[in-house]
Amino acid sequence: MSTRFSTVESEDDSRAWLITYADMITLILTFFIMLVAMSQISRSQFEEAMESLRKSMSGEKSVVDRREPSQAVSMMIGELEHQLMAKVDEIVQKSPSASFIRTQFDRKRLIITVQDQALFQPGQAVLGPQAEQALEPVLKILKTFPEYRVNIKGHTDSTAISTPAFPSNWELSAVRATTVLRYLLDEGISAHRMTATGLADLDPIAPNTTPENRALNRRVEFVLEKEK
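The structure reproduced in this document is the subject of the present report. (Residues numbered from 1 in each chain as written. Predicted model: local features only at pLDDT ≥ 70, side-chain atom pairs only at ≥ 80, totals over all residues. Heavy atoms only, no water.)

### Let's talk about the environment of Arg219
Logical step 1: Among the secondary structure elements, Arg219 is positioned in strand 5 (residues 219–226).
Logical step 2: Given the relative accessible area of 1%, Arg219 is considered buried.
Logical step 3: Taking the C-alpha atoms as reference, Arg219 lies 9.6 Å from Pro204; in sequence the two are 15 residues apart.
Logical step 4: The contacts of Arg219, once residues within four sequence positions are left out, are Thr113, Val114, Gln115, Asp116, Lys153, Gly154, His155, Asp203, Pro204 and Ile205.
Logical step 5: A distance of 3.0 Å separates the side chain of Arg219 from the backbone oxygen of Asn217, its partner in a polar contact. (Helix = DSSP H or I, 4+ residues; strand = E, 2+ residues; numbered from the N terminus. Buried < 20%, exposed > 50% of the residue type's maximum accessible area, 1.4 Å probe, protein only. Contact = heavy atoms within 4.5 Å. Polar contact = N/O pair within 3.5 Å; in protein donor to acceptor, adjacent residues only side chain to side chain.)

Set out below in structure tokens:
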């Protein structure tokens, strides 16, 4: 009877190390993600990650310890996004056309918005005299971050258009997006990284009730997403 109990207890003890081992592997993976994903890391974040690793390898366990990997990853992703936006904003602010350009980070996507008056004449899809200057920071950002794909989206306001070249805003927005794509292609951006989409007035960022709002809605967006 005592021998059977001892055997069961021995089997349970022999598996106890798996919990510590699994925690240790998770933390080591997190640590290496940190090293690969970040070019810089604050001292406090590094010390926190190392403390988590030390606790796991020493066999210390707590509810807090098991939550630390996901929290550490979240902090690292946030820091990476901050560094990316800082670099993008630095590039944009050096451009003479900075007042026509807006940047934001949304759900792991970098969105660069260029107002249409910096690119096109009203009702036209041929790049205007200021276009090269306005697209220069976009081009530099795409070359700085070659791991990102870009979807170029053309947008218009709700004012109807009907010309021989553009029967509606759908054609106008699509050709404008394609025109910008062609320019970037000629400047050395790989065709495999780019797509073009015409959205007409389908996705306004302001109500089309005033001239100022309609000007905001007439835009070209560059939606950058990291290749998977």
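### Quick notes on the packing of aromatic side chains
Logical step 1: Across all of its chains, the model carries 1 aromatic pair by this definition.
Logical step 2: For the ring pair Phe145 and Tyr148, a centre distance of 6.2 Å and an interplane angle of 85° mean the geometry is edge-to-face. Side by side, Phe145 and Tyr148 carry an identical accessibility label, which is buried. (Phe/Tyr/Trp six-rings, centres within 6.5 Å; stacked < 30°, edge-to-face > 60°.)

### A word on a negative patch on the surface
Logical step 1: Where like charges cluster on the molecular surface, the negative patch consists of Glu132, Glu136, Asp186 and Glu187.
Logical step 2: As for its placement among the helices and strands, Glu136 is situated in helix 5 (residues 131–144). (Patch = residues over 30% accessible without salt bridge, like charges linked within 9 Å, V, L, I, M, F, W, Y side chains within 5 Å. Areas by Shrake-Rupley, 256 points an atom, 1.4 Å probe, with all protein chains shown as cover. Salt bridge = Lys/Arg side-chain N within 4 Å of Asp/Glu carboxyl O. Lys, Arg positive; Asp, Glu negative; His and termini not counted. Charge placed at Lys NZ, Arg CZ, Asp CG, Glu CD.)

### Quick word on the pairing of strand 1 (residues 101–106)
Working note: regular strand, side chains alternate between the two faces of the sheet.
Logical step 1: Judged from the 6 bridges that link them, strand 1 and strand 2 (residues 109–115) form a sheet pairing that is antiparallel. Paired with Asp106 across the two strands is Arg109, which belongs to strand 2. (Pairing = 2+ DSSP bridges.)

These values are about where atoms sit, not about what they do.
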